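Chain and residue survey
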Amino acid sequence: MTAETTASRVVEFDDAGLETWCDEERFAVTAERIAEYAAATNDPIAAHRAGEVASPVFGIVPVFEAMMMPVIDVAPMDVFGRVVHGEQDFHFHRAIQAGDRLVTRAKAVGYASRSNGSTITILVECRDEDGELVNEQYLTAFFRNIDAGKSVGQAAPAHKFDESLRATEPFAVVAQHVDDDQTFRYAPASGDPVPLHLDEQVAKDAGLPGIIAHGLCTMAFASWAVLTEAAGSDVHRLRRFAVRFAKMVFPGDDLETRIWKVGARDGVTTYAFETVRGTDVVLSDGLAEIAD
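Residues numbered from 1 in each chain as written. Predicted model: local features only at pLDDT ≥ 70, side-chain atom pairs only at ≥ 80, totals over all residues. Heavy atoms only, no water.

In the annotation of an unreviewed UniProt entry, the protein is listed under the name MaoC/PaaZ C-terminal domain-containing protein and assigned to Nocardia xishanensis. The Sequence similarities (unreviewed entry) field of the UniProt record for the protein holds the comment "Belongs to the enoyl-CoA hydratase/isomerase family." (UniProt positions renumbered as here; feature names shortened; annotations may be inferred.)

The helix and strand inventory of the protein stands at seven helices and 13 strands. Scaling as 2.2 N^0.38, a compact globule of 292 residues should have a C-alpha radius of gyration of about 19 Å, and the protein matches this with 18 Å. Seen through its C-alpha atoms, the protein measures out along the principal axes to roughly 50 × 45 × 40 Å. When the 292 residues of the protein are sorted by exposure, 53% land in the buried category. Within the protein, contacts between residues at least 6 apart in sequence are counted, and of these 73% link residues at least 24 apart. In the protein, which carries 26 positive and 46 negative side-chain charges, the distance between the mean positions of the two groups comes to 3 Å. (Helix = DSSP H or I, 4+ residues; strand = E, 2+ residues; numbered from the N terminus. Rg over C-alpha atoms; globule rule 2.2 N^0.38 Å. Buried < 20%, exposed > 50% of the residue type's maximum accessible area, 1.4 Å probe, protein only. Contact = heavy atoms within 4.5 Å. Lys, Arg positive; Asp, Glu negative; His and termini not counted. Charge placed at Lys NZ, Arg CZ, Asp CG, Glu CD.)

What follows deals with the pattern of salt bridges. Close approach of charged atoms allows side chains of opposite charge to pair. Applying the stated rule across the entire model yields 21 salt bridges. Two residues, arginine 166 and glutamate 274, come together in a salt bridge whose shortest N-O distance is 2.7 Å. You can see arginine 166 sitting in the loop between strand S8 (152-153) and strand S9 (172-177) and its partner glutamate 274 sitting in strand S12 (residues 268-277), a full 108 residues away along the chain. Arginine 166 sits in the partly exposed class, given a relative accessible area of 42%. Aspartate 181 is the salt-bridge partner of arginine 185, the closest N and O atoms lying 3.0 Å from each other. You can call arginine 185 partly exposed: its relative accessible area is 25%. (Salt bridge = Lys/Arg side-chain N within 4 Å of Asp/Glu carboxyl O.)

Before going further, it helps to spend a moment on helix H1 (residues 31-40). Listed in full, the buried residues belonging to H1 are Ile34, Ala35, Tyr37, Ala38 and Ala40. Residues of H1 that are buried make contact with helix H2 (46-49), helix H5 (182-190) and helix H7 (215-230). Phi for asparagine 42, located one or two positions after H1, is positive at around 60 degrees.

Per the counting criterion, the structure on display carries one cavity of 30 Å³ or more. Considering only enclosed or pocket space, the largest cavity measures out at about 60 Å³ in volume. Taken together, Ala54, Ser55, Pro56, Gly59, Phe92, Arg94, Ala95, Ile96, Asn135 and Val235 make up the lining of the largest cavity. By residue class, the composition of the lining of the largest cavity is six nonpolar, three polar and one charged. (1 Å grid on protein atoms, 1.4 Å probe; cavity = no way out; pocket = protein on both sides within 12 Å on 5 of 7 lines; lining within 4 Å. Points joined across faces, edges and corners; volume = space filled by probe spheres on them. Nonpolar A, V, L, I, M, F, W, Y, C, P; charged D, E, K, R; others polar.)

Listed under "domain: MaoC-like" (unreviewed entry) in the UniProt record, and renumbered for this structure, are residues 173-275. Along residues 173-275 one finds 30% helix and 32% strand; the C-alpha atoms at either end are 9 Å apart.

Looking now at the packing of H1 against H5. Relative to each other, H1 and H5 sit at 155 degrees, their axes nearing to 9 Å. Considering the angle they form, H1 stands roughly antiparallel to H5. Relative to H5, H1 is oriented so that their crossing is left-handed. From H1, Arg33, Glu36, Tyr37, Ala39 and Ala40 reach across to H5, where they touch Gln182, Arg185, Tyr186, Pro188, Ala189 and Ser190. Considering only residue class, the contact of H1 with H5 consists of six nonpolar, two polar and three charged. (Axes fitted to C-alpha atoms, helices over the stretch in contact; angles between N-to-C directions. Parallel < 35°, antiparallel > 145°, perpendicular 65-115°, else oblique. Left-handed = near helix turned anticlockwise from the far one by under 90°.)

Moving on to unusual backbone geometry. Backbone geometry places glutamate 19, a non-glycine residue, at a positive phi of 60 degrees. With respect to the secondary-structure elements, glutamate 19 resides in the loop between strand S1 (9-10) and strand S2 (25-28). According to the relative accessible area criterion, glutamate 19 is partly exposed, its value standing at 41%. In the Ramachandran plot, aspartate 266 falls in the positive-phi region, its phi being about 50 degrees despite a non-glycine side chain. Along the chain, the position of aspartate 266 falls in the loop between strand S11 (254-265) and S12. Overall, the relative accessible area of 73% leaves aspartate 266 in the exposed class.

Mapped onto the elements of the fold, isoleucine 96 is located in the loop between strand S3 (83-92) and strand S4 (101-114). Each C-alpha atom, one on isoleucine 96 and one on glycine 210, is 34 Å from the other, the two residues being 114 residues apart in sequence. Residue contacts for isoleucine 96: discarding those within four places in its chain leaves Val29, Val53, Ala54, Phe58, Gly59, Pro62, Leu102, Val134 and Asn135.

Turning our eyes to something else, we now look at the nonpolar core. By size, the foremost hydrophobic cluster in this structure holds 76 residues, and its most contacted members are Phe13, Tyr37, Phe58, Ile60, Ile120, Phe143 and Phe241. Beyond its immediate chain neighbours, meaning those up to four positions away, tyrosine 37 contacts Ser55, Val57, Phe58, Ile60, Val61, Tyr186, Ala189, Ser190, Leu216 and Ala220. Counting residues in each nonpolar core, the second largest holds seven residues, with Leu196, Ala206, Ile211 and Ile212 among its members. (Core = buried A, V, L, I, M, F, W, Y, C linked by side-chain atoms within 4.5 Å.)

Next up, the structure:
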């Protein structure tokens, strides 16, 4: 990731890479790994800290190896220096628990050209070893200043924030703090070793002021804020959780997650949320669906 602003470069994406499942990846879930992830994301929920049941964004851990493989099938390798995680959207069928043996596969389902870059949408399926669907995830990879020239296939489901909500009081506001050592705890817990989060010099060489927090760590902060305020800290009630990664977060940042109740239907209540640092929105277009 760099701070550069340049004209878009025209790059041809490979349509043949769409709708092709990658090889399956397998992952054994342990109570220790669940607890480590909860601690690394400052999660206060006792069941997560004890390793009994995984927090929502832990769902990225078993799929980490599989989720980026389809991107390589569509985008040429020489543009990977411009890719960032644009959006993440979890659809939960059940919570992950200690003892689960999970099987994951992923495929690119579409790409789109935008004025400031191009996106590739990845669909991830996570099942248990008996074939039961545990969760589905849509990952949107964003290539800055890359013009794919056209749009093909499907995009991830929408989760746009309704701007009219800003004229109303949030249902809840949760204050949060990113610890100075947050990235060094999150990297091993999540299995994400990207040096932008760990090496000050690498980050500065990339045009950043210093190491940045993992976007999914910030998303995990938002998840426990929503669960504690709107779901009685019960992850089993969460049906969907989606965000767009809007701005970088840094160690030492003070954040707030603001939550609005927007509707209820068929036993599920929908909440909109965003996470801010002062006046900067760092997680936007937040959407949570919680069973009553």
